[in-house]
Amino acid sequence: MRHHVALIDEASLEPGLSADGFRKAFRHHAGGVAVVTADAGRGPVALTATSVISVSATPPLLVFSVSALSSATPTILESSSVVVHLLGADQVDLARLCATSGADRFADTGAWARLATGEPYFVAAPVCIRGGIAATFAAGASTLVVVNATHAHHAPADAAPRDASRPLIYHNRTWHQLSELSELVSGAR
């Protein structure tokens, strides 16, 4: 069962921070880059997202947001499932393509295929996570989408691009990659 809930009553919010001021503040917060694909029966759609976060491992849930301004949003919200591609530095062209308004994201028929379950996916992504849309929540001019992950595909190590282990990051309107040179403190203890 899918739920749709309005999280915030916009009329109850106090004004104070402009949309431009908010965007400017978040330019200084780096985000991992993903591409989300779906097909509700009228053809595949894709968009680039920096809002993908893992929420729970048990059950495996992830969340991302879609803007009301994106042409892909209606199809994603009408779909029962999506594929979330976690991009490496080698996929910056894919991230740009799926972030470009009006671009034909599926023109290169060799760059994408369909899962056995029908969803479109880009074959170059080092990690793809398929899942069913469990809930949506209206949040201002966006919608939060909760996905119950059902499958994950990792590119084989020998087939992965050289930079597959270097995540693609978006920060201050610029694409970046993480590498061993960017490590400040080891996370392993």
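Higher on the page you've got the structure.
So, a few notes on the structure that sits alongside this text. Not measured: the values here are computed from a predicted model. (Residues numbered from 1 in each chain as written. Predicted model: local features only at pLDDT ≥ 70, side-chain atom pairs only at ≥ 80, totals over all residues. Heavy atoms only, no water.)

Section: the layout of surface pockets
- Its volume calculated, the second largest pocket comes out at about 190 Å³.
- For the lining of the second largest pocket, a count of residues per class yields 10 nonpolar, 2 polar and no charged. (1 Å grid on protein atoms, 1.4 Å probe; cavity = no way out; pocket = protein on both sides within 12 Å on 5 of 7 lines; lining within 4 Å. Points joined across faces, edges and corners; volume = space filled by probe spheres on them. Nonpolar A, V, L, I, M, F, W, Y, C, P; charged D, E, K, R; others polar.)

Focus: unusual backbone geometry
- Going from Thr 58 to Pro 59, the amide bond is cis rather than trans, its omega being -5°.
- For Arg 173, which is not glycine, the phi torsion reads 65° and is therefore positive.
- Looking at the secondary structure, you find Arg 173 in the loop between β12 (168–171) and β13 (174–177).
- Overall, Arg 173 belongs to the exposed group, its relative accessible area being 58%. (Helix = DSSP H or I, 4+ residues; strand = E, 2+ residues; numbered from the N terminus. Buried < 20%, exposed > 50% of the residue type's maximum accessible area, 1.4 Å probe, protein only.)

Re helix α3 (residues 92–99)
- Among all positions in α3, only Val 92, Leu 94, Ala 95 and Cys 98 are buried. Down the axis of α3, the smallest arc covering the buried residues is 160°, so these residues share one side.
- The elements touched by buried residues of α3 are β3 (34–38), β4 (45–49), β9 (120–122), β12 and β13. (Arc of directions from axis to C-beta. Contact = heavy atoms within 4.5 Å.)

Looking at the pairing of β4
- Within β4, 4 of the 5 residues are buried, leaving the element largely enclosed by the surrounding structure.
- Both β3 and β4 contribute to a ladder of 5 bridges, which runs antiparallel. From the neighbouring strand, Ala 34 faces β4, where its bridge partner is Ala 49. (Pairing = 2+ DSSP bridges.)

Some remarks on the pattern of salt bridges
- Throughout the structure, instances matching the rule amount to 6 salt bridges.
- Between Asp 93 and Arg 96 there is a salt bridge, and its shortest N-O distance comes to 3.6 Å. Separated by 3 residues within a single helix, Asp 93 and Arg 96 lie in helix α3, roughly one turn from each other.
- For Asp 93, a relative accessible area of 54% translates into the label exposed.
- Under the relative-accessibility criterion, Arg 96 is labelled partly exposed at 43%. (Salt bridge = Lys/Arg side-chain N within 4 Å of Asp/Glu carboxyl O.)

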